[in-house]
Amino acid sequence: MTAKSYFIETWGCQMNDLDSQRIAGQLKLRGYRQAASENEASLILLNTCSIREKSEQKVFSRLGVLKEAKERGARIGVAGCVAQQEGARILERAPYVDFVLGTGNVGTLDDVLEGRTRVAIDFPEAREYDYLAIERPSATRAQITVIEGCNKNCTFCIVPTTRGREISRPFRHLVAETIHAVSTGRSEIELLGQTVNAYRCPESGQTFADLLKAIATTPGVARLRFMTSHPAEVSDEMIEAMRLHSNICRFLHLPVQSGSSAVLRRMKRLYTRERYLETIERIREAIPGTGFSTDLIVGFPGETDDDFEQTLSLMKQVRFGSLYAFKYSPRPGTPALRLKDEVPAEVANARLHRLFALQEEIQRETLDSYVGRTLEVMYEAPSRNDPTEFAGKTDDNWTVNFTGLSAVAPGMLIPVRITQAQHYTLRGEAVA
Ligand code: SAM
């Protein structure tokens, strides 16, 4: 074990990834080095996710294993959404844990590191956010949080509890962070938030569309992505900003959750099936070729066979390039716990199975349709499977492994002719 070295294990969404990058950066400023494994670390942090059930059990079983590390003198911290949700209960069940760091306190580590506080789970009004101290793992991409928390209160979702009420960061800080990220070679910017397009500057009232325009026109920004957009917050101004700036990616992650308006109403998603489809149509009309991905929940209380058929029919209509689908998982304190007509597990499993089979078909056809086309690929790093090949991403978020160049610098945009569609990725050759 090296004095002052850290190991962070991250579960969950992009927000958790970025929180880990923020924690790692602050630890480095305090003299910690990154350890190669948990066995060599003097500080082990679990950055946890609680979006679906069993997350607490998973944390406690992981902590059980880490008890050994504690015996050799390491300190153990629990961060993220389970930390926020369980707070002091973590110390009751695992008293050898040194501290619990909630999502609102990621910017202020000193109190827990120096032992002044063991449980930091409040949501301070003024939150520290030192973007200069973010340990960004990618040489080409910088993720930037624009809005924390969520005010939507979907009946199934624990995010309002684990990440608090919405709070947007000042516009000028986001522009400054972008300029800094570009100056360190990151030409792809990804704006993050649970409901990123609900952004509103607390100082000036500038909107998400204003932010898109400002970041897209910042010199050196070759690509601009953002996630997660809420369908009810997609405005004409946001679509217009995407249309006007060709460096804003033609790709949107737009979680629909269900294709049935009756289910969407019980989920309190604030849109209907028709309104969602109309939003997709508006975007495709303004910006042809835009790719979409989504999130879906099956087996939400009261979901009938007909409701589920409507989800399948919506998938056929939109033809999402990719999607994440989950079986409904009851979360503590959420309003959906009071809903009746639980869907039996075997029915939910069978639906999930059918949904994935349909998506596989759609995805195969989508990927096949790229063969023969030349796409602009941002080179990121050598391919994971074959380091003699290059790997990068298209504008609409597909990974492309390609050959045909002797050398290439990360961040370069390369025209690549697609020669083959694989299961989830594309292969191609750089065009001279
Ligand atoms: N804030 C985003 C939104 O409103 O669409 C995404 C939040 S969450 C981190 C990512 C996905 O997890 C959700 O879009 C939803 O599909 C899924 N999810 C959230 N709560 C769930 C639950 N209780 N059971 C199953 N899936 C859930």
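The structure reproduced in this document is the subject of the present report. Keep in mind the model is a prediction, meaning the values are calculated, not measured.

Notes on the nonpolar core
- Counting residues in each nonpolar core, the largest one holds 64 residues, and the members touching the most others are Leu191, Leu212 and Phe226.
- Trp11, Ile44, Leu46 and Val78 belong to the second largest nonpolar core, which has 22 residues in total.

A few points about the state of the cysteines
- Enumeration over the complete set of coordinates arrives at zero disulfides.
- Summary of cysteine pairing: Cys13 is not part of a disulfide, and the nearest cysteine sulfur, belonging to Cys81, is at 6.4 Å.
- Cys154 supplies the cysteine sulfur nearest to Cys150, a cysteine that is in no disulfide, at a spacing of 6.2 Å.
- Judged by relative accessible area, Cys150 falls into the buried class, the value being 9%.

A word on the pattern of salt bridges
- All told, the structure shown has 29 salt bridges when counted by the stated rule.
- In this structure, Asp111 engages Arg116 in a salt bridge whose closest nitrogen and oxygen atoms are separated by 2.9 Å.
- Between Glu188 and Arg225 there is a salt bridge whose closest N-O contact spans 2.8 Å. Of this pair, Glu188 sits in strand E10 (residues 188–192) while Arg225 is found in strand E11 (residues 223–227), placing the two residues 37 residues apart along the sequence. Of the two residues examined, Glu188 and Arg225, each falls in the buried class.
- Look at the salt bridges and you will find they share partners, linking Arg141, Glu188, Glu190, Arg225 and Glu380 into a network.

Observations concerning helix H2 (residues 55–71)
- With 17 residues, H2 extends 25 Å from end C-alpha to end C-alpha; this agrees with the ideal 24 Å at 1.5 Å per step.
- Of all the bends in H2, the greatest measures close to 35 degrees and is centred on Val65.
- Considered for burial, the residues of H2 that qualify are Ser55, Glu56, Val59, Phe60, Arg62, Leu63, Leu66 and Ala69.
- Residues of H2 that are buried sit in contact with strand E1 (5–10), strand E3 (43–48), strand E4 (75–79), helix H3 (80–86) and helix H4 (89–93).
- Gly73 lies just past H2 and shows a positive phi near 105 degrees.

Details of the environment of Tyr271
- Here Tyr271 is to be found in the loop between helix H10 (261–267) and helix H11 (273–286).
- For Tyr271, a relative accessible area of 6% corresponds to the buried category.
- In sequence terms Tyr271 and Met15 are 256 residues apart; their C-alpha atoms lie 25 Å from each other.
- Non-local contacts of Tyr271, meaning those with residues more than four positions away in its chain, are made with His230, Pro231, Ala232, Pro255, Val256, Gln257, Leu264 and Tyr276.
- In this structure the side chain of Tyr271 is engaged in a polar contact, spanning 3.3 Å, whose partner is the backbone oxygen of Pro255.
- Here Arg269 takes part through its side chain, which lies 2.9 Å from a polar atom of the side chain of Tyr271.

Describing the sheet that holds strand E7 (residues 141–145)
- Sheet architecture is open: three strands sit in the order E7-E10-E11, paired in parallel fashion. The two strands at the open ends of the sheet, each matched to only one other strand, are E7 and E11. Here the strands of the sheet are splayed against their neighbours by 20 degrees on average, with no regard to which way each runs.
- Two elements, E10 and E11, share five bridges in a ladder whose sense is parallel. The residue bridging Glu190 from the neighbouring strand is Arg225, located in E11.
- Across the sheet, helix H1 (residues 14–29) lies against E7, E10 and E11, angled at about 100 degrees from E7, the strand it touches most.

Reading the values: rules and limits
- Residues numbered from 1 in each chain as written.
- Predicted model: local features only at pLDDT ≥ 70, side-chain atom pairs only at ≥ 80, totals over all residues.
- Heavy atoms only, no water.
- Core = buried A, V, L, I, M, F, W, Y, C linked by side-chain atoms within 4.5 Å.
- Buried < 20%, exposed > 50% of the residue type's maximum accessible area, 1.4 Å probe, protein only.
- Disulfide = S-S within 2.5 Å.
- Salt bridge = Lys/Arg side-chain N within 4 Å of Asp/Glu carboxyl O.
- Helix = DSSP H or I, 4+ residues; strand = E, 2+ residues; numbered from the N terminus.
- Expected span 1.5 Å × (residues − 1).
- Bend = angle between axes of the 7 residues up to and from the residue.
- Contact = heavy atoms within 4.5 Å.
- Polar contact = N/O pair within 3.5 Å; in protein donor to acceptor, adjacent residues only side chain to side chain.
- Pairing = 2+ DSSP bridges.
- Axes fitted to C-alpha atoms, helices over the stretch in contact; angles between N-to-C directions.

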